[in-house]
Amino acid sequence: MPIPPLRERPAYEALAQHYSTIQDRHLRELFAQDVTRGERFSAEAAGIYLDYSKNRITEETVTLLLQLAKESELERRRDAMFAGEPINVSENRAVLHVALRMPKGTSLVVDGVDVVAEVHQVLDRMADFATKIRSGAWKGHTGKPIRNIVNIGIGGSDLGPVMAYEALRHYTDRNLTFRFVSNVDSTNFVEATRDLVAGETLFIVSSKTFSTLETLTNATSARNWIIDRLGNQAVAKHFVAVSTNTDRVAEFGIDPANMFGFWDWVGGRYSMDSAIGLSTMVALGSERFGELLAGFHAMDEHFRTAAPEQNLPMLMGLLTVWYVNFFGAQSIGVMPYDQYLKRFPAYLQQLTMESNGKHVTLDGANVNYPTGPVFWGEPGTNGQHSFYQLIHQGTALIPVDLIGFGKSLNPLRDHHDILTSNVFAQAQALAFGKTEEEVRAEGTPEAVVPHRIMEGNRPTNVLLAEKLTPYVLGALVALYEHSVFTQGTIWGIDSFDQWGVELGKQLALAIVPELTSAADPELGHDSSTNTLIRRYRALKG
């Protein structure tokens, strides 16, 4: 029997009625009525503790949300994903990023192929390569060991590797320099290579199809950079590829023996633990990379087996649906209180918005409800001195995830206690605010009182772990992956295609020759685009 449209599911209708009774209830009231609320509305898995008590929910809310998940067949669809069924309907593909982190010795057979065995064949090759780079055994064209690694990619081929490198920099080999080039703006490549010695530099070109315009443009400039300094024969020792397209890799001039493959069931934004993570493995070493994979797998298993009422990804995904579809929230803030996680919000932007920024259901019908909120954020405490004002006193409701750790990787005086006090203080202030009476009691002048009232009732999740390790990072990323999956399942959309990315690429390919031709081109675009092209050509001279 087909699943009814979202708004026709009984639990959704019950939630709409429930929302009408709870929408004005304040967190101050909810906590006053239940002194154990902070303990009860919590869950824990894979080293991550979730306190979701400061959400505008009651036990009835959670019960109804879980019922909505059941009516949406979340667990059936989850099991289909783990079994390798083609749940990416528009491309008729399996969605098997979970296989990338299954332990060696386990088995998952899809279409007659044990994909876990194939994954570990690639991981073993990656480990061998990483060891050669880290030990100095891999020599460049001039006989010098490699000291600089430049990852060239874009989207999932960049955001995952750069996020992981920055997040786990504490554990990296500091004798190696890592740079990341993604933007087709030539400044990105020039600045990344300006101070590097060619004979000590290796380029990792990461592109699933090896046809992405930005990546190939940068890779071609990298090849020219090497050839200009070391000659044509140097390419073999200074380039490796991560791709699924052997022919195009060879055509580019990279020896296929130096290519690390992956599979069409690995979506770009879910690929940081595949061969796309080659730069991460070189930076960390294979043992630490294995810890990263173990963290991913632990959260996968939790999502796959835990009861829904204690299932972290399900709870977080359902809370997002609650705020987006009933409270009208249009964005979610993610604020990691750890400087190493400075690129984590940017990574989540692709994971969440490329996955769930969809306007049609799995069967192609237009949705008549919101999907895919904007995800954004900044490390604490920097954000507190820029945009937190809007979260506290603005007119938009913005649920926030606050991520903290019990221990600093760089303990210094009382810095970490001060940092962590802000995690708890912000959650408290957002939830409870400051009433008019409290403001007056402070002796505030009457004319200023309205300006200093904090309404509160602003929801937060607090995520706590002991410290930021490769294992915890893997678990944290998998938590958000499966939260995204939960949201997409409730909304009935395909979280694993990204056709909206393609149109702009196609149009850009058509426009490039109109910008570069010596003669004035015949333009057939709209009047705005035609005018802009002519203005650009004039500016270009």
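For clarity, every value in this text was computed on a predicted model and none was experimentally measured.

## Things to note about the overall build of the protein
Inference 1: Scanning the protein for helices and strands turns up 22 helices and 13 strands.
Inference 2: Against the 2.2 N^0.38 benchmark of 24 Å for 541 residues, the protein shows a C-alpha radius of gyration of 25 Å, consistent with a compact globule.
Inference 3: C-alpha atoms of the protein, sized along the principal axes, occupy 75 × 60 × 60 Å.
Inference 4: When burial is assessed residue by residue, the protein has 53% of its 541 residues classed as buried.
Inference 5: A fraction of 73% describes how many contacts in the protein between residues 6 or more apart in sequence connect residues 24 or more apart.
Inference 6: About 23500 Å² of surface is accessible on the protein, with carbon and sulfur atoms providing 51% of the total.
Inference 7: When the 48 basic and 62 acidic side-chain charges of the protein are each reduced to a single mean position, those positions are 6 Å apart.

## Looking at the sheet that holds strand β9 (residues 259-260)
Inference 1: Pairing is parallel across the open sheet formed by five strands, whose spatial order is β6-β5-β7-β8-β9. Both outer strands of the open sheet, β6 (177-181) and β9, are each paired with one neighbouring strand and no more.
Inference 2: Pairing of strand β5 (residues 148-152) with β6 involves five bridges; the strand directions are parallel. Residue pairing in the sheet places Asn 151 in a bridge with Phe 180 of β6.
Inference 3: Against the sheet, helix α9 (residues 213-230) contacts β5, β6, β7 (201-206) and β8 (239-242), and its axis sits at roughly 160 degrees relative to β7.

## Some points on the packing of aromatic side chains
Inference 1: Applying the stated rule across the entire model yields 25 aromatic pairs.
Inference 2: Arranged with centres 5.3 Å apart and planes meeting at 45 degrees, the rings of Trp 322 and Phe 326 form a pair that is tilted. By the burial criterion, Trp 322 is buried, and Phe 326 matches it.
Inference 3: Taken together, a centroid distance of 4.7 Å and an interplanar angle of 75 degrees make the contact between Trp 376 and Phe 387 edge-to-face. With Trp 376 in strand β11 (residues 374-376) and Phe 387 in the loop between β11 and α16 (388-393), the pair connects residues that are 11 residues apart, well separated along the chain.

## Concerning the pattern of salt bridges
Inference 1: All chains considered together, the criterion is met by 28 salt bridges.
Inference 2: Linking Lys 434 and Glu 442 is a salt bridge whose minimum nitrogen-to-oxygen distance equals 2.9 Å.
Inference 3: For Lys 434, a relative accessible area of 26% gives the class partly exposed.
Inference 4: Taken together, the shared-partner salt bridges in this structure form one network comprising Arg 101, Asp 273, Asp 300 and Glu 481.

## Overview of the UniProt feature "active site" (unreviewed entry) in the protein
Inference 1: Using the residue numbers shown here, the UniProt feature "active site" (unreviewed entry) corresponds to Glu 354, His 385 and Lys 505. The annotated residues occupy 152 residues of the chain and do not converge on a single region, their most distant C-alpha atoms lying 37.1 Å apart.
Inference 2: With respect to the helices and strands, Glu 354 occurs in helix α15 (residues 344-356).
Inference 3: On the basis of relative accessibility, which here comes to 21%, the residue Glu 354 falls in the partly exposed class.
Inference 4: Once residues lying within four places of it in the same chain are set aside, the contact partners of Glu 354 are Arg 269, Gln 349, Asp 497, Gln 498 and Val 501.
Inference 5: Reaching out from Glu 354, the side chain makes a polar contact with the side chain of Arg 269 at a distance of 2.9 Å.
Inference 6: Its place among the elements puts Lys 505 in helix α21 (residues 502-516).

## Looking at the environment of His 297
Inference 1: Inspection of the secondary structure puts His 297 in helix α13 (residues 286-305).
Inference 2: Once the C-alpha coordinates of His 297 and Glu 466 are considered, the two residues, 169 residues apart in sequence, prove to be 18 Å apart.
Inference 3: If we ignore the near neighbours within four places in the chain, the residues touching His 297 are Arg 101, Met 102 and Pro 103.

## Details of the domain arrangement of the protein
The figure often quoted for interface size is the accessible area lost as the parts come together.
Inference 1: The domains assigned to the protein are domain 1 (11-72 + 306-491), domain 2 (97-289) and domain 3 (502-540).
Inference 2: Domain 1 and domain 2 are separated by 35 Å when their C-alpha centres are compared.
Inference 3: Contacts between the two partners involve 22 residues from domain 1, matched on the other side by 21 residues from domain 2.
Inference 4: For the pairing of domain 1 and domain 2, the buried interface totals around 1900 Å² over both sides, and the portion due to carbon and sulfur atoms is 62%.

Criteria and cut-off values
- Residues numbered from 1 in each chain as written.
- Predicted model: local features only at pLDDT ≥ 70, side-chain atom pairs only at ≥ 80, totals over all residues.
- Heavy atoms only, no water.
- Helix = DSSP H or I, 4+ residues; strand = E, 2+ residues; numbered from the N terminus.
- Rg over C-alpha atoms; globule rule 2.2 N^0.38 Å.
- Buried < 20%, exposed > 50% of the residue type's maximum accessible area, 1.4 Å probe, protein only.
- Contact = heavy atoms within 4.5 Å.
- Areas by Shrake-Rupley, 256 points an atom, 1.4 Å probe, with all protein chains shown as cover.
- Lys, Arg positive; Asp, Glu negative; His and termini not counted.
- Charge placed at Lys NZ, Arg CZ, Asp CG, Glu CD.
- Pairing = 2+ DSSP bridges.
- Axes fitted to C-alpha atoms, helices over the stretch in contact; angles between N-to-C directions.
- Phe/Tyr/Trp six-rings, centres within 6.5 Å; stacked < 30°, edge-to-face > 60°.
- Salt bridge = Lys/Arg side-chain N within 4 Å of Asp/Glu carboxyl O.
- UniProt positions renumbered as here; feature names shortened; annotations may be inferred.
- Polar contact = N/O pair within 3.5 Å; in protein donor to acceptor, adjacent residues only side chain to side chain.
- Domains from an automatic or database assignment.
- Buried area = accessible area lost by both parts, 1.4 Å probe.

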